[in-house]
Amino acid sequence: MSVPTWLFLATGGAVVGASFLLASAVTDRAYIRRIDTWGRPLPDAGRVATLAARGVGLLALAVTVVAGLGAESLGITDPLRNAAVLLVWVGWWGWVVLSAYLVGNVWPAVDPFRAVAGVFPTLDRAYPDRLGSWPAVAGLLALVYLEVVTPLADDPFLLTLVVLGYLAVSVAGSVAFGVDDWFGNADAVSQLLRAYGRVAPVARTADGLRLRLPGMGLTEADWVDGRDDVGFVVAVVFVTTYDGFVGTSLWADVARPLVGVGVPALVVYLLAMLAGYGLFLWLYLASARAARRTADTFVAPGELARRFAPSLLAIAAGYHLAHNLGTALSLAPTLAVVATAPLSPPPVAALPVLLVPGWVGGVGVAAVLGGHLLAVWVAHSTAYDLFPDRLQAIRSQYGVTVAMVAYTMASLWIVSRPGGAPPFV
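The structure displayed is predicted, hence computed values, not measured ones.

Draft legend 1. Summary view of the packing of aromatic side chains. Under the counting rule described, the total for this entry stands at 12 aromatic pairs. The interplanar angle of 5° and the centroid separation of 6.4 Å between the aromatic rings of F177 and W182 together place this pair among those described as stacked. Taking 5.6 Å as the distance between ring centres and 40° as the angle between the ring planes, the aromatic pair formed by F238 and Y242 counts as tilted. Highlighted residues: F238 and Y242, both in helix α12 (residues 227–245), separated by four residues, approximately one helical turn. For F238, a relative accessible area of 4% puts it in the buried group. Y242 gets classed as buried once you look at its relative accessible area, which sits at 4%.

Draft legend 2. Structural context of the pairing of strand β2 (residues 202–205). As paired strands, β2 and strand β3 (residues 208–212) are joined by four bridges and run antiparallel to one another. Opposite T205, over in β3, you have G208 as the bridge partner. Linkage of β2 to β3, two consecutive antiparallel strands, is achieved through a turn of two residues.

Draft legend 3. Structural context of helix α10 (residues 179–186). All of the buried residues along α10 are V179, W182, F183 and A186. One side of α10 holds all its buried residues, which, seen down the axis, span an arc of 110°. On its buried face, α10 is in contact with α7 (112–117), α8 (134–149), α9 (156–177) and α11 (188–197).

Draft legend 4. A look at empty space enclosed by the protein. In total, this model carries one cavity of 30 Å³ or more according to the counting rule given. Approximately 30 Å³ is the volume attributed to the largest cavity. Around the largest cavity, the lining residues are Y284, S287, A288, A291, F308, S396 and V400. Sorting elements by how many residues they give to the lining of the largest cavity places helix α14 (residues 265–295) first, with four residues.

Draft legend 5. Spotlight on the nonpolar core. Counting 103 residues, the largest nonpolar core has Y196, Y242 and Y284 as the members making the most contacts within it. Setting aside chain neighbours within four positions, we find Y284 in contact with V230, V234, L304, A305, F308, A309, L312, V400 and Y407. A71, L86, L331 and L335 belong to the second-largest nonpolar core, a separate cluster that totals 12 residues.

Draft legend 6. Just the side chain of S330, in detail. Of note, S330 is situated in helix α16 (residues 312–340). Classification of S330 as buried rests on a relative accessible area of 14%. Polar contacts involving the side chain of S330 include one to the main-chain carbonyl oxygen of T327, which spans 3.2 Å. If near-sequence neighbours (up to four positions away) are discounted, S330 is found in contact with V353, L354 and V356.

Draft legend 7. Inspection of the UniProt feature "transmembrane region" (unreviewed entry) in the protein at higher detail. Here the UniProt-annotated "transmembrane region" (unreviewed entry) positions come out as residues 51–71, 83–103, 131–150, 157–179, 266–285, 312–339, 359–378 and 398–416. For the annotated span residues 131–150, helix accounts for 80% and strand for 0% of the residues, and the straight-line distance between the end C-alpha atoms is 28 Å. Split by type, residues 157–179 is 96% helix and 0% strand. Its first and last C-alpha atoms lie 28 Å apart.

Draft legend 8. Region of the structure containing helix α3 (residues 46–69). For α3, spanning 24 residues, the distance from its first C-alpha to its last is 35 Å, which sits close to the expected 34 Å at 1.5 Å a residue. Among the residues of α3, those classed as buried are A53, G57, L61, V63, T64, V65, A67 and G68. In this structure, the buried residues of α3 make contact with α4 (71–74), α5 (83–102), α6 (107–110), α7 and α9.

Draft legend 9. Broad picture of the pattern of salt bridges. Following the criterion strictly, the structure yields six salt bridges and no others. Across the pair R198 and E220 runs a salt bridge, and its minimum N-O distance is 2.4 Å. Of this pair, R198 sits in the loop between α11 and β2 while E220 sits in the loop between β3 and α12, and the two are 22 residues apart along the sequence. A residue is classified by how much of its surface remains accessible, and E220, at 35% relative accessible area, is partly exposed. Among the salt bridges present, the one from R256 reaches D253, with a minimum N-O distance of 3.1 Å. Remark: D253 and R256 occur in helix α13 (residues 249–260); sequence separation between them is three residues, near one turn of the helix. Residue R256 is classed as partly exposed on the basis of its relative accessible area of 44%.

Draft legend 10. Quick peek at the layout of surface pockets. Taken as a whole, the second largest pocket encloses approximately 1200 Å³ of empty space. If you trace the second largest pocket, you find 44 residues lining it, with V202, A203, R204, T205 and R212 closest to the centre. Only α2 (29–37), α3, α6, α11, β2, β3 and α17 (359–386) provide two or more residues apiece to the lining of the second largest pocket. Here the element with the most residues in the lining of the second largest pocket is α2; it accounts for five residues. When the residues that make up the lining of the second largest pocket are grouped by side-chain class, the tally is 18 nonpolar, 12 polar and 14 charged.

Draft legend 11. Main features of the sheet that holds β3. Read across the sheet, three strands follow the order β1-β3-β2 without closing on themselves; strand pairing throughout is antiparallel. What marks the edges here is a single partner per strand, and that holds for β1 (39–41) and β2. Ignoring which end each strand starts from, the neighbouring axes of this sheet average 35° apart. By the bridge criterion, three bridges tie β1 to β3 in an arrangement that is antiparallel. Residue pairing across strands places G39 opposite R212, the latter belonging to β3.

What counts and what doesn't
Here, residues in each chain are numbered from 1, in the same order as that chain's written sequence. Local features are withheld for residues below a pLDDT of 70 in this predicted model, meaning they are given only at 70 or higher, and side-chain atom pairs are given and counted only at 80 or more; totals for whole chains, interfaces and linings count all residues. The basis for every side-chain value is the complete set of heavy atoms in the structure, and neither hydrogens nor water enter the calculation. Pairing of aromatic rings covers Phe, Tyr and Trp, the last counted by its six-membered ring, and requires centre-to-centre distances within 6.5 Å; plane angles under 30 degrees mean stacked, over 60 mean edge-to-face, and any other angle means tilted. In DSSP terms, a helix is any run of H or I states spanning at least four residues, a strand is any run of E spanning at least two, and both are numbered starting from the N terminus. Think of it in three bands: residues with accessible area under 20% of the maximum for their type are buried, residues over 50% are exposed, and the middle band is partly exposed, with areas taken using a 1.4 Å probe on protein chains only. Here a strand pair is declared whenever DSSP counts at least two bridges between the two strands. The arc in question is formed by the directions pointing from the helix axis toward the C-beta atoms. Whether two residues are in contact is decided by their heavy atoms: any pair within 4.5 Å suffices. Cavities and pockets were defined on a 1 Å grid built over protein atoms only: a cavity is a set of grid points that admits a 1.4 Å probe from which the probe cannot escape, a pocket is an open set flanked by protein on both sides within 12 Å along at least five of seven lines, and lining residues are those with an atom within 4 Å of any such point. Grid points are joined across faces, edges and corners, and a volume is the space filled by probe spheres set on the points. For our purposes a nonpolar core is just a set of buried Ala, Val, Leu, Ile, Met, Phe, Trp, Tyr and Cys residues, chained together by side-chain atoms within 4.5 Å. We call two N or O atoms a polar contact when they sit within 3.5 Å, provided that within protein one can donate a hydrogen and the other can accept it, with sequence-adjacent residues counted only if both atoms are side-chain atoms. UniProt positions are given in the numbering used here, feature names are shortened, and annotations may be inferred rather than shown by experiment. Here the expected length of a helix is defined as 1.5 Å per residue gap, with one fewer gap than residues. Any Lys or Arg side-chain nitrogen found within 4 Å of a carboxyl oxygen on Asp or Glu counts as a salt bridge. All residues other than Ala, Val, Leu, Ile, Met, Phe, Trp, Tyr, Cys, Pro, Asp, Glu, Lys and Arg, Gly among them, are scored as polar; the first ten of these are nonpolar and the last four charged. Here, axes are lines fitted to C-alpha atoms. For helices the fit covers the stretch in contact, and angles between N-to-C directions go from 0 to 180 degrees.

Below is the structure:
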């Protein structure tokens, strides 16, 4: 007998609430600090490995451009045979992003966009402080919007045009403001993977590579500076949820009347994205305002929002794993075979596809819950670092815990729904 959806969602929300109660019982600051700061040094990969990674990134970009632009002439328009499609959606969005939070962020070494942009001279104009990470927010939302409303997953030529457009923007931004300022503030992909890297157990520090407990990079207080960084963290949580939601039957039921009265489908999807992101951001900022009231503190809501924001990335990582693990596993052998002969791959019938066992779906549910449980601990640790009074530290978490329960139930509902292609586009 299947479990009713309401019970499944209520159980998930209750797990997060119960984990908050359990975490609240841990009040020894020294013990919390030992967990947060535990680590072991690891041998450094070395310059040769770094150069090899950069070479792999540039080679992957070159193969993507050639296979994508030449898809028609080479006779490799089928997405399962096209290296551009497989490299972007399986190699990058699948395995590179998965590894960023499961192992460590290798993107700074691999990033071909930064490598190309670094070749050009720069005007070294000062990057406007008022912009902060907002260009990265806009870029991330735009990339996910294009992925949803256009056939980027199936059209190698269109996908490659987007990749080249992204490269052009990266070069232009780097020429104007310098490579470090552009990729450190405005580049959506670099910001995304840097944020996910905070969840990973392997991190690069000033002293070299270091092994730590998963998620403990989120407890560091200095890397989310203002509302722009808070906005980016919320965007990371939102875009994966949006990507899953638009494939559900509920979204079809919502969109159908609007499309039926003549509103263009692209506009409907855009409005849904903007409204959804606004709702997610409002909910989180409201939780910060609630934290100020429940903790009875003079700490400003903006500061509370900044300090608690990193905990949300554990939620985003868990949902990304649930949403993409099956595809990454099933198409990994396909990518491996096509990559050996990207311009003349075998026919589709000869390409291997891994048959993913049913229990992988359970791993996805566990990842969603595990991400939320980790987020609860990170918020708990942050509260004890922020407030000297133990009761005040516990009460400050009420608002963000409510937000986490809401995110949990939304994520679990989407994971429990049969997926499908977004309608009307």
